[in-house]
Amino acid sequence: MKRLALGIIDAQRGFMPANEGIRLNLPGFGELPVERGELIVPNINKLFKAYEILEHTIFTTQDWHPGVTAHFSEQPNFTTTWPIHCVGGTPGAELHPAIAIPRSTERFRKGMEVLKRGEDDQSYSGNNGINDKGIQLGKRLLELGVTEVTLGGLALDYCVGKTALDLRRMDFDVVIAIDATSGIAEESVNSMLKQFNEHDIKITSTDEILVQMETA
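This section reports on the structure supplied with the text. This structure is a prediction, so every number in the text was calculated from the model and none was measured.

**Notes on helix 4 (residues 156–169)**
An α-helical turn contains 3.6 residues, so a residue and the one three or four places further along point in the same direction. At K162, helix 4 shows its maximal kink, close to 25 degrees. Structurally, helix 4 contributes buried residues whose contacts are with strand 1 (4–9), strand 3 (106–110), helix 3 (137–143), strand 4 (148–154), strand 5 (173–182) and helix 5 (186–198). Once helix 4 finishes, D171 follows within two positions and takes phi at roughly 75 degrees, a positive value.

**Quick word on the packing of aromatic side chains**
One pass over the structure, following the stated rule, counts four aromatic pairs. Judged by centre distance (5.9 Å) and plane angle (90 degrees), the ring pair of F78 and W82 falls under edge-to-face. Between W82 and Y158 the ring centres are 5.5 Å apart and the planes differ by 85 degrees, which places this aromatic pair in the edge-to-face class. You can see W82 sitting in the loop between strand 2 (57–63) and strand 3 and its partner Y158 sitting in helix 4, a full 76 residues away along the chain. Taking the relative accessible area as the measure of exposure, Y158 reaches 22% and is therefore partly exposed. Cluster of aromatic residues (ring-pair linked, three or more members): F78, W82, Y124 and Y158. The side chain of R109 reaches across the aromatic face of W64, ending 3.7 Å from its centre.

**A short note on the sheet that holds strand 3**
Taken in spatial order, the six strands line up as 3-2-1-4-5-6 in an open sheet, and their pairing is parallel. Two strands bound the open sheet, and with one partner strand each, they are strand 3 and strand 6 (202–204). Strand after strand, the sheet turns through a mean of 25 degrees between neighbouring axes, direction not considered. Pairing analysis gives five bridges linking strand 1 to strand 2, with the strands arranged parallel. Across the sheet, A5 pairs through a bridge with T57, a residue of strand 2. Packing of helix 4 onto the sheet brings it into contact with strand 1, strand 3, strand 4 and strand 5, and relative to strand 5 it is tilted by some 170 degrees.

**Quick notes on the state of the cysteines**
Following the criterion strictly, the structure yields zero disulfides and no others. Looking at the unpaired C159, the closest cysteine sulfur is the one in C86, lying at 8.9 Å. Given the relative accessible area of 7%, C159 is considered buried.

**Some details on the environment of D179**
Checked against the element boundaries, D179 lands in strand 5. Given a relative accessible area of 28%, D179 falls into the partly exposed group. Here the alpha-carbon distance between D179 and H96, two residues 83 residues apart in the chain, equals 16 Å. Contacts of D179, omitting those with residues within four sequence positions, involve I40, N43, S205 and T206. A distance of 2.7 Å separates a polar atom in the side chain of D179 from a polar atom in the side chain of T206.

Cut-offs and rules
- Residues numbered from 1 in each chain as written.
- Predicted model: local features only at pLDDT ≥ 70, side-chain atom pairs only at ≥ 80, totals over all residues.
- Heavy atoms only, no water.
- Bend = angle between axes of the 7 residues up to and from the residue.
- Helix = DSSP H or I, 4+ residues; strand = E, 2+ residues; numbered from the N terminus.
- Contact = heavy atoms within 4.5 Å.
- Phe/Tyr/Trp six-rings, centres within 6.5 Å; stacked < 30°, edge-to-face > 60°.
- Buried < 20%, exposed > 50% of the residue type's maximum accessible area, 1.4 Å probe, protein only.
- Lys NZ or Arg CZ within 6 Å of the ring centre and 35° of its normal.
- Pairing = 2+ DSSP bridges.
- Axes fitted to C-alpha atoms, helices over the stretch in contact; angles between N-to-C directions.
- Disulfide = S-S within 2.5 Å.
- Polar contact = N/O pair within 3.5 Å; in protein donor to acceptor, adjacent residues only side chain to side chain.

Here it is, written out as structure tokens:
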């Protein structure tokens, strides 16, 4: 019997457009924005509600970077170095305030290492995140008996995708709620979608997931 989990990866203010922060009159938005990233929030909330009602496992991940690390650069190459974003304890590291996080949600933080080289960064995959007891995401899901993980969040072509691939390598069935995530660039999105196909990672929509849950 399948045991389901829903994971929302890095749906943080820092990855949302600056205009969203202006609209909400809140700080922390637009640090490393994903265009139209705010549009995924309603579908995230639909999924959260459905998984909560059926008492499935729910988790979130957050970048929680130190203020000074080689992950950041004043002249980022957007491959191994990036603008300052999602520093732990700052508004940019918080999830979008319109996301209705269920009480049962387990939170995992990642990217807390002070790096000497941007190339050494392991923070992209949510699987490297740890909970408040120091347990890594994949290990925790195994402890809970989870067999299938549905993912959304930001960004599809980086942290969401790398989380999906890591969990698939651990033999979890992985599903991407494609309208509960958004990507940065067409080329990298297409590359990630190709990898999903190669690793039997399923792509579907929020509505399709909800219908399947209702009829299961």
